[in-house]
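What follows is each chain in one-letter form.
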Amino acid sequence: MKNAWIILGIVISFSHFSCGNATKDKLNTKMMNSESANAQLETITFGAGCFWCVEAVFQRVKGVQKVVSGYMGGKMKNPSYRDVCTGLTGHAEVCQLSYDPKVVSFETLLEIFWQTHDPTTLNRQGADVGTQYRSAIFYHSAEQKRMAEEWKQNLNAKKVFPNPIVTEIVQESTFYPAEDYHQDYYNQNGEEPYCKIVIKPKMDKFLKAFKDKLN
């Protein structure tokens, strides 16, 4: 499996800032990319900590047509951000991607997923702590499940990370889009402290490591 256990040297910077404490009062009125009318798009849902970070990364990947931040994996219907932040609803903060497999492979998306967050910390990413920040792959097909489980198994076997991967791999469930102000957050709020201190360093490393995969 190509590049399954090659880490490109990304060192993820963690901050004492919390996603839940950053400014959240600006509305977003656009998504970065519109779907191509002729493309046969596929869908995958990733949880990798604060969805602002995940969204910012995958918006820039060539072949990803749309990224929507939201909630998945919980029991409550129509949860709000405040509900999810309690950690009691069972939902994870996620980003749902619509992508063109003729342009970007699922394998490439998995490679980016594994390398742009820490999949070895249970229910946390840096200072963001709680089940809502868990590492998760919500697969939408049997092939996605197979590939995700194979990657996880191989990465653990090769000890690519110093600790075992704890990413859960589960079937997708009802997806609840997050409130408007969460959408396109980094693009709209790049000067906010959380964006400058937490997201930008990760973005800089991602853009350098995956420059051939970018829009």
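Residues numbered from 1 in each chain as written. Predicted model: local features only at pLDDT ≥ 70, side-chain atom pairs only at ≥ 80, totals over all residues. Heavy atoms only, no water.

**Considering unusual backbone geometry**
- With a phi angle near 50°, Asn78 is a residue other than glycine that sits in the positive phi range.
- Structurally, Asn78 is set in the loop between strand S2 (64–72) and helix H2 (81–85).
- Its relative accessible area of 61% is what places Asn78 among the exposed residues.
- With a phi close to 55°, Lys159 is a non-glycine residue in the positive phi region.
- Position of Lys159 relative to the elements: it lies in the loop between helix H4 (142–157) and strand S7 (168–171). (Helix = DSSP H or I, 4+ residues; strand = E, 2+ residues; numbered from the N terminus. Buried < 20%, exposed > 50% of the residue type's maximum accessible area, 1.4 Å probe, protein only.)

**Looking at the sheet that holds strand S6 (residues 135–139)**
- One open sheet accounts for 6 strands, arranged S7-S6-S1-S3-S2-S8; its pairing is mixed. The sheet is open, and its two borders are formed by S7 and strand S8 (176–177), each paired with just one other strand.
- Where S2 and S8 come together, 2 bridges link them in antiparallel fashion. Its bridge partner lying in S8, Gly70 is registered against Pro177. (Pairing = 2+ DSSP bridges.)

**Topic: the nonpolar core**
- Among the nonpolar cores identified, the biggest contains 49 residues, and Phe46, Phe58, Leu97, Leu109, Leu110, Ile137 and Ile199 are the most heavily contacted of them.
- For this core, the element with the most residues is helix H1 (residues 51–58), which contributes 7 residues.
- In terms of nonpolar packing, the next biggest core, distinct from the first, is built from 7 residues, Val68, Val94, Ala136 and Phe175 among them. (Core = buried A, V, L, I, M, F, W, Y, C linked by side-chain atoms within 4.5 Å.)

**Structural notes on the packing of aromatic side chains**
- Overall, the coordinates contain 8 aromatic pairs when judged by the stated rule.
- Seen in terms of ring centroids, Phe51 and Tyr81 are 6.2 Å apart; in terms of plane orientation they differ by 25°. Their pairing is stacked. Of this pair, Phe51 sits in helix H1 while Tyr81 sits in helix H2; the two residues are 30 residues apart in sequence, bridging distant segments of the chain.
- Overall, the relative accessible area of 3% leaves Tyr81 in the buried class.
- Taking 5.6 Å as the distance between ring centres and 35° as the angle between the ring planes, the aromatic pair formed by Phe206 and Phe210 counts as tilted. The two residues Phe206 and Phe210 agree in class, both being buried. (Phe/Tyr/Trp six-rings, centres within 6.5 Å; stacked < 30°, edge-to-face > 60°.)

**Description of the side chain of Asp128**
- Along the chain, the position of Asp128 falls in strand S5 (residues 128–129).
- Lys202 is the oppositely charged side chain nearest to the buried, salt-bridge-free Asp128, at an N-O distance of 6.6 Å.
- A distance of 3.0 Å separates the side chain of Asp128 from the side chain of Tyr194, its partner in a polar contact. (Lys, Arg positive; Asp, Glu negative; His and termini not counted. Salt bridge = Lys/Arg side-chain N within 4 Å of Asp/Glu carboxyl O. Polar contact = N/O pair within 3.5 Å; in protein donor to acceptor, adjacent residues only side chain to side chain.)

**Describing the packing of H1 against helix H6 (residues 193–209)**
- Following both chains from N to C, one finds H1 and H6 inclined at 35°, their axes separated by 10 Å at the closest point. Along this stretch, H1 crosses H6, giving a crossing that reads as right-handed. Contacts from Trp52, Cys53, Ala56 and Val57 in H1 reach Tyr194, Val198, Ile199, Lys202, Met203 and Phe206 in H6.
- Its residues assigned to classes, the contact of H1 with H6 shows 9 nonpolar, no polar and 1 charged. (Axes fitted to C-alpha atoms, helices over the stretch in contact; angles between N-to-C directions. Left-handed = near helix turned anticlockwise from the far one by under 90°. Contact = heavy atoms within 4.5 Å. Nonpolar A, V, L, I, M, F, W, Y, C, P; charged D, E, K, R; others polar.)

**Side note on H1**
- Buried residues dominate H1, accounting for 8 of its 8 residues.
- Buried within H1 we find Phe51, Trp52, Cys53, Val54, Glu55, Ala56, Val57 and Phe58.

**Looking at the UniProt feature "active site" (unreviewed entry) in the chain**
- If you check UniProt for "active site" (unreviewed entry), the listed places come out as Cys50 in our numbering.
- Of note, Cys50 is situated in the loop between strand S1 (42–48) and H1.
- Taking the relative accessible area as the measure of exposure, Cys50 reaches 2% and is therefore buried. (UniProt positions renumbered as here; feature names shortened; annotations may be inferred.)

**Describing the environment of Ala92**
- Tracing the sequence through the fold places Ala92 in strand S3 (residues 92–99).
- Spatially, the C-alpha atom of Ala92 lies 5.5 Å from that of Met72, the residues being 20 residues apart in sequence.
- Setting aside chain neighbours within four positions, we find Ala92 in contact with Gly70, Tyr71, Met72, Thr131, Gln132, Arg134 and Phe138.

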